[in-house]
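Structural characterization, general
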Amino acid sequence: MVNISIVCSFFNEEGVLQRFIDNITLVCSKISSNYEVIFVDDCSKDNSAEIIKKNIKLNKKIKYLKTTRNFGNASCIVAGLKKSKGDCVVVIDCDLEDPPELIFEMYEKYKEGFEIVHTRREKRDDIGIIKNYFTKKAYQLINLLSEIDLPNNSGIFKLISRRALNEIIKIKEYDPYLRGLFNWVGFRQTYINYKRNKRKHGESNFKIFASTNPWKEIIRGVTSFSMVPLYMALLIGFIFVLFAIIFLIYAVVQKMILSDITSGWTAIVSLIAILGGVNIFVIGVIGIYISKIYENVRGRPQYIIEEDQDSTSEINDR
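Quick caveat: nothing in here was measured; it's all calculated off a predicted structure.

Conventions adopted
Residues numbered from 1 in each chain as written. Predicted model: local features only at pLDDT ≥ 70, side-chain atom pairs only at ≥ 80, totals over all residues. Heavy atoms only, no water. Helix = DSSP H or I, 4+ residues; strand = E, 2+ residues; numbered from the N terminus. Buried < 20%, exposed > 50% of the residue type's maximum accessible area, 1.4 Å probe, protein only. pLDDT = per-residue confidence, 0-100. Contact = heavy atoms within 4.5 Å. Core = buried A, V, L, I, M, F, W, Y, C linked by side-chain atoms within 4.5 Å. Salt bridge = Lys/Arg side-chain N within 4 Å of Asp/Glu carboxyl O. Phe/Tyr/Trp six-rings, centres within 6.5 Å; stacked < 30°, edge-to-face > 60°. Lys NZ or Arg CZ within 6 Å of the ring centre and 35° of its normal.

1. Regarding the environment of P99
Relative to the elements of secondary structure, P99 occurs in the loop between β4 (86–91) and α4 (102–111). Its relative accessible area of 15% is what places P99 among the buried residues. Residues P99 and N23 lie 76 residues apart in sequence; the distance between their C-alpha atoms is 9.0 Å.

2. Focus: the confidence of the model for the protein
On average, the protein scores 76 in pLDDT, and the residues at 70 or more come to 73%. Per-residue pLDDT stays below 50 along residues 207–212; that stretch engages in 8 contacts with residues further than four places along the chain or on separate chains. Residue range residues 312–318 is modelled with pLDDT below 50. Its contacts to residues more than four positions away, or to other chains, number 14 contacts.

3. Quick notes on the nonpolar core
Counting residues in each nonpolar core, the largest one holds 36 residues, and the members touching the most others are I4, I6, F39, I52, V90, I103 and M106. Those elements giving two or more residues to this core turn out to be β1 (2–10), α1 (14–31), β2 (35–41), α2 (48–58), β3 (62–67), β4, α4 and β7 (189–196). Of the residues forming this core, the biggest block, 8 residues, is contributed by α1. I52 has contacts with F10, L17, I21, F39, I62 and Y64, leaving out every residue within four places of it along the chain. Core analysis: the next-biggest nonpolar cluster, separate from the first, contains 24 residues, I38, I116, I160 and F182 among them.

4. Some words on the pattern of salt bridges
Here the structure, examined in full by the defined rule, presents 4 salt bridges. As a salt-bridge pair, K111 and E108 come within 3.2 Å of each other at their nearest N and O atoms. A residue pair is termed a helical-turn pair when its members lie 3 or 4 positions apart in one helix, as K111 and E108 do in helix α4 at 3 residues. Of the residues examined, E108 reaches a relative accessible area of 39% and is grouped as partly exposed. A salt bridge links E167 to K170; the shortest N-O distance between them is 3.2 Å. Within this pair, E167 and its partner K170 are both found in helix α6 (residues 162–170), separated by 3 residues, close to a single helical turn. The exposure class of E167 is partly exposed, given its relative accessible area of 33%.

5. Observations concerning helix α3 (residues 73–83)
The element α3 is largely enclosed, with a buried count of 8 among its 11 residues. Along α3, the residues that are buried comprise S75, C76, I77, V78, A79, G80, L81 and K83.

6. Structural notes on the packing of aromatic side chains
In the structure shown here, the tally under the stated rule is 4 aromatic pairs. Note on F10 and F39: the rings are 6.3 Å apart at their centroids and 75° apart in plane angle, and the pair reads as edge-to-face. A residue pair is termed long-range when its members are at least 10 positions apart, and F10 in strand β1 and F39 in strand β2 qualify at 29 residues. Relative to F39, the ring of F20 lies with its centre 6.1 Å away and its plane at 80°, an arrangement referred to as edge-to-face. In this pair, F20 sits in helix α1 while F39 sits in strand β2, placing the two residues 19 residues apart along the sequence. Put simply, the rings of F10, F20 and F39 touch in pairs and so form one group of aromatic residues. When the ring centre of F71 is taken as origin, the NZ or CZ atom of R69, which lies over that ring, is 4.0 Å away. Here the guanidinium or amino end of R120 rests over the ring plane of Y191, the centre of that ring lying 4.7 Å away.

7. Section: unusual backbone geometry
Phi is positive for N12, which is not a glycine, with a value near 55°. Locating N12 in the fold gives a position in the loop between β1 and α1. Since its relative accessible area comes to 30%, N12 is described here as partly exposed. Even without a glycine there, the phi angle at C43 is positive, about 60°.

8. Remarks on the environment of F281
Its location among the elements puts F281 in helix α10 (residues 265–297). Since its relative accessible area comes to 39%, F281 is described here as partly exposed. As for F281 and I236, which are separated by 45 residues in sequence, their C-alpha atoms are 9.9 Å apart.

9. Focus on the environment of K53
On the secondary structure map, K53 appears in helix α2. On the basis of relative accessible area, K53 is assigned to the partly exposed category, the value being 22%. A C-alpha to C-alpha distance of 8.5 Å links K53 and K63, two positions 10 residues apart in sequence. Look past the residues within four positions of K53 in its chain and what remains in contact with it is Y64, E307 and Q309.

Written as structure tokens, this is what we have:
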């Protein structure tokens, strides 16, 4: 019987990994002697794997998964969640931006009967004005267009009960928006506010302008929980068709009744450009939804595990 599982997805975190292991095992041992810490390596290129394997020999409660290639943070978290055996599971990053000590308070909320305990960042020491602005707008956009109520600054640092997790694992989405699923699944939920720390080592792998990840997260969040973009595309198309009909009637009336006919090639070119842009936009929106359908029906796995290692098994290949 495992009382609490910790799932950590990481990529190239050798500079902070040992410190994180020391902190998280200390926290877990104070909560219960029956715990496990599952590290999911998204095919790191540094010495992170060696650090974890060294700790596995010292602590049988540490487990290690490694993917065959870089599948992304969400897929690695899903792999860790499926391997976990705890009555409750905490998802946390290894960079120590999220304080492991907060798990004490999260676990207390779980014992009070809450199935999902979210954390909400009140303040960050290292976030810039531009990144803060885009992050806030991303949450607002997802909430505006989707059926979920995603709190601002609520990341992946959460505690999930086994009952809620079993329902989430049943969902067979190839590219799930995990933050949204934790809200969508329901059950009794609560929030804990905290101050996020500065990153202890290196730089974030999720950058606004150097990476497509933030934009992909926005698109994933909206399209996973809403059909509004499709209806918006339909509405925009209807408005422009209506405008075109009115313009056509005006042109016919002008030709048949009025002597002064507007030449206006600029207006015609502008209309063509606008309609072309609208068509491309609508096709793009439809294409995103079709791509999500395609990803789910072709049946490829979310991830492939190369190593599955803990104190009782050396290396198991899948």
